[in-house]
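Geometric and topological summary
So the chains spell out like this:
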Amino acid sequence: MRVSQSLIPTMRQDPGEAEVVSHRLMLRAGMIRKVAAGIYSYLPLGLRVIRKIETIVREEMNRAGAQELLLPILSSAELWKETDRWDFYGKELFRLHDRHERDFCLGPTHEEVVTDLFRREVSSYRQLPVTLYQIQTKFRDEIRPRFGIMRGREFIMKDAYSFDQDAEGAKRTYQSMYDAYCRIFSRMGLEFRPVEADTGLIGGISSHEFMVLANTGEELIVFDPDTHYAANVERAEIAPPPIGEREPPLPLEKVSTPNAKSVEEVCALLNVPPSHLVKTLLYQTGPDEITAVLIRGDHQANEIKIQRHLGIHELSLATPELVARFTTAPVGFVGPIGLQKIRILADQAVAVLSNFIVGGNEPDVHLLHANIDRDFAIESIGDFRQAQAGDPSPRGGRSLQTARGIEVGHIFMLGTKYSEKMGATYLDAQGQKLPAMMGCYGIGVSRAAAAAIEQNHDDKGICWPMPIAPFQIHILSVTASEKVRQASEQLYQNLSQNGIEVLLDDREERGGVKFNDADLLGIPFHIILGDKGLAQNTIEIKDRKTGEKYHISPEEACEWITATVKAKLEIQA
RNA sequence: CGGGGCGUAGCGCAGCCCGGUAGCGCGCCUGCUUUGGGAGCAGGAUGUCGGAGGUUCAAAUCCUCUCGCCCCGACCA
């Protein structure tokens, strides 16, 4: 493709709207343009990257035995009502109605639609297992779309759904998808890590997320470098703390702590470390029910773990009004001692403490030397807090570490959650009617493009991994002579004939402009053709990422470049 | 939805307090010179100042309402 004839509107300055690197670079490199919040057009260069990713995904899904199909984006409310997700999915579901006032929605995911197809068309164990996938635009009315294409309201996703006879088979299918995902992200040239994850709105038994490692990632992941344990922080387990020598209990003591509501304020006032303090968090766990959770002052509560322990789907910190109704102290001074009609859960790190500080259940008062059992009773002890670096590993390694990542894939073992609700059954060899065991598997295709940039860029622009670069070679004719023009034209033709994807910067621009644009676009190799080099019978080849330069004669260039590109693609595959 | 900020030329911004002519840099167009890391000179085009209403002789500027966008928190590929 020739730059002079392409729509590649690069920008010299950073657009004001973009904070995040990938968003900024995609705008500057002319890959995307915004239409509305969280809604973008893909320009030719951006689309090429998307197509590259789709191709890799498609090849690996096919290799794993999945079959491609295409389900409608628009679906009627009926199906969603069958699984209760019409209500449960909430405001994130884009809803609309047709001229007859019938309810429809734009698909945020397709369990219902694909399960409906399955129950109509599949009836025998002979047809199982089957895995179906599609690559399609999805719609989610995000609370806060942000980071450009990374969290859009409209985005491109590969979603796959599997149906097996039994748990054994479902497990095998899950594993083959897990393996396919590893191949996909490896082939894309990304550094990633699969982690154990929470199942969220999709529901189901177990799941893994695939995280592209990047410091700018939204997700915090926790891993144990000694074993292979890795999990999303939402999910990450923490080993119980060692039970040390208990200090002998000291008598309870009231102290005045005027206006000291936060852990920091209390610690500063009493001159103790936050680990000696225990926070009493009050959660609304029912219409008229409050649960207290005790967490050490230097720890953070993990609401997902609490929800799972209680077996509920919604949890929020109690409002100040509710706190006032259930306790005798304002927020900040609530403590476990003397609480009425509230069950108390204690994090395992709190359970091993003695003589700790708690709120006094009256304004401006805290209590010193509190002890479980002696001063108050707890209903249960558990793992209720967020893992952090240095915590004990649940798998016996030395300790947990943390890293940041971007979620680009998520796989779920669903069990029979959808098949039972929707009657997606098959007959087994004995003629028994059984619900299919399902799995679902998503990849954020457009997000993966952004994640690749977050992981592969420098201060000048993008540094694409070869397999997903919009082009493989960028030829810059850097002086305007006829000789240079002809040489670049020749090389362009020859490389293209060898099946190499070449972008030829044939604009009447000065060298500097071309160099800067090339660095911005981030195509892996720049071929620099100028009078200076040609006079010595050499052309320069620059590796965008490493900056390494090679000087080669024009005669050898075509062959050398072709071989280099092919080699780079094979290493990844 | 809560908190913070912003809408002025394609992009980045100034002007707004203190009302009176819409401006700067980059980009764009024409010509000449230049040409290996964002060229120089000369000439030129481009604005419903986000929208609606109000105050005023006069509004980008003051007031009211509204729409949109960005950033920080609770959701997710």
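Below or above, wherever it landed, is the structure these notes cover. None of the values given here were measured: they were computed from a predicted structure.

Here's the deal with the pattern of salt bridges
Applying the stated criterion across every chain yields a total of 42 salt bridges. The partner of Glu60 in a salt bridge is Arg63, with the nearest N and O atoms 3.1 Å apart. One end of the pair is Glu60 and the other is Arg63, both in helix α2 (residues 44–63) and three residues apart, which spans about a single turn. A residue is classified by how much of its surface remains accessible, and Glu60, at 1% relative accessible area, is buried.

A short note on empty space enclosed by the protein
Scanning the entire structure with this criterion turns up one cavity of 30 Å³ or more. Size it by volume and the largest cavity reaches roughly 70 Å³. Around the largest cavity, the lining residues are Phe147, Met150, Arg151, Thr216, Gly217, Glu218, Glu219, Gly405, Ile406, Glu407 and Arg447. Here the lining of the largest cavity gets three residues from one element, more than from any other, and that element is strand β21 (residues 401–415). Taken together, the residues of the lining of the largest cavity sort by class into three nonpolar, three polar and five charged.

Description of helix α7 (residues 263–270)
An α-helix turns once per 3.6 residues; consequently, residues spaced three or four apart project the same way. Buried residues of α7: Val263, Val266 and Cys267, and no others. Projected down its long axis, α7 shows its buried positions confined to an angular sector of 100°, all on one face. Those residues of α7 that are exposed and angled more than 90 degrees off the buried face are Glu264 and Ala268. Along its buried surface, α7 packs onto β14 (278–286) and β19 (365–370). Asn271, located one to two residues past α7, shows a positive phi value of around 55°.

Considerations on the packing of aromatic side chains
Under the counting rule described, the total for this entry stands at 11 aromatic pairs. Here the aromatic cluster, defined as three or more aromatic residues joined through ring pairs, consists of Tyr178, Tyr181, Phe185, Phe192 and Phe210. When the ring centre of Phe471 is taken as origin, the NZ or CZ atom of Arg48, which lies over that ring, is 3.9 Å away. Above the plane of the ring of Trp86 lies Arg95, whose end atom (NZ or CZ) is 4.6 Å from the centre.

Describing the sheet that holds strand β28 (residues 502–505)
Strand order in the open sheet formed by five strands is β28-β27-β29-β30-β31, with mixed pairing between adjacent strands. Unpaired on one side and paired on the other, β28 and β31 (549–552) mark the two borders of the sheet. When the angles between neighbouring strand axes are averaged without regard to direction, this sheet yields 20°. For strand β30 (residues 539–543) and β31, the ladder comprises four bridges, and the chain directions are antiparallel. Of the residues in β31, the one forming a bridge with Glu540 is His551. Across the face of the sheet, helix α14 (residues 511–521) comes into contact with β27 (473–477), β28, β29 (525–529) and β30 while running at roughly 170° to β27.

Considering the layout of surface pockets
For the second largest pocket, the calculated volume is near 430 Å³. Looking at the second largest pocket, it is lined by 21 residues, and the ones nearest its centre are Lys261, Thr280, Leu281, Val331 and Gly332. Elements supplying a minimum of two residues to the lining of the second largest pocket: α7 and β14. If one sorts the elements of the lining of the second largest pocket by residue count, β14 sits on top with five residues.

Quick look at the packing of α2 against helix α12 (residues 445–455)
Where α2 meets α12, the closest approach of the two axes is 9 Å, and the angle between their N-to-C directions is 110°. By the criterion of interaxial angle, the relationship of α2 to α12 is roughly perpendicular. Viewed along their axes, α2 and α12 form a crossing whose handedness is right-handed. Contact residues: Val49, Ile50, Ile53 and Glu54 in α2; Val445, Ser446, Ala448 and Ala449 in α12. Within the contact of α2 with α12, the residues separate by chemical class into six nonpolar, one polar and one charged.

Considerations on α14
For α14, the full list of buried residues reads Gly511, Lys514, Asp517, Ala518, Asp519, Leu520 and Leu521. Of the residues flanking the end of α14, it is Gly522, one or two places downstream, whose phi is positive at about 75°.

Regarding the packing of helix α1 (residues 21–28) against α12
Running from N to C, α1 and α12 cross one another at 105°; their axes reach a closest spacing of 8 Å. By the angle between their axes, α1 is roughly perpendicular relative to α12. Contacts from Val21, Ser22, Leu25 and Met26 in α1 reach Ala450, Ile453 and Glu454 in α12.

Here's the deal with the pairing of strand β1 (residues 32–36)
Examined bridge by bridge, β1 and strand β2 (residues 39–42) share four bridges and lie antiparallel to one another. By the bridge assignment for β2, Ile32 is matched with Tyr42. Turn length for the β1-β2 hairpin, with the two strands adjacent in sequence and antiparallel, is two residues, and the turn residue Gly38 shows positive phi of about 75°.

Comments concerning the side chain of Thr280
Within the secondary structure layout, Thr280 lies in strand β14. Here Thr280 falls in the buried class, since its relative accessible area comes to 13%. Apart from the residues within four sequence positions on either side, Thr280 is in contact with Ala292, Val293, Leu294, Val334, Gly335 and Pro336.

Quick look at the sheet that holds strand β18 (residues 356–359)
Within a sheet, each strand pairs with its neighbour through backbone hydrogen bonds, oriented either parallel or antiparallel. The strand order β13-β19-β18 describes an open sheet built from three strands, whose pairing is antiparallel. The open sheet has two edge strands, β13 (253–256) and β18, and neither has a second partner. Each neighbouring strand pair of the sheet contributes to a mean axis angle of 30°, computed without reference to strand direction. Two elements, β13 and β19, share four bridges in a ladder whose sense is antiparallel. Residue pairing in the sheet places Glu253 in a bridge with Leu368 of β19.

Reading guide: rules and limits
- Residues numbered from 1 in each chain as written.
- Chains lettered and ligands numbered in written order.
- Predicted model: local features only at pLDDT ≥ 70, side-chain atom pairs only at ≥ 80, totals over all residues.
- Heavy atoms only, no water.
- Salt bridge = Lys/Arg side-chain N within 4 Å of Asp/Glu carboxyl O.
- Helix = DSSP H or I, 4+ residues; strand = E, 2+ residues; numbered from the N terminus.
- Buried < 20%, exposed > 50% of the residue type's maximum accessible area, 1.4 Å probe, protein only.
- 1 Å grid on protein atoms, 1.4 Å probe; cavity = no way out; pocket = protein on both sides within 12 Å on 5 of 7 lines; lining within 4 Å.
- Points joined across faces, edges and corners; volume = space filled by probe spheres on them.
- Nonpolar A, V, L, I, M, F, W, Y, C, P; charged D, E, K, R; others polar.
- Arc of directions from axis to C-beta.
- Contact = heavy atoms within 4.5 Å.
- Phe/Tyr/Trp six-rings, centres within 6.5 Å; stacked < 30°, edge-to-face > 60°.
- Lys NZ or Arg CZ within 6 Å of the ring centre and 35° of its normal.
- Pairing = 2+ DSSP bridges.
- Axes fitted to C-alpha atoms, helices over the stretch in contact; angles between N-to-C directions.
- Parallel < 35°, antiparallel > 145°, perpendicular 65-115°, else oblique.
- Left-handed = near helix turned anticlockwise from the far one by under 90°.

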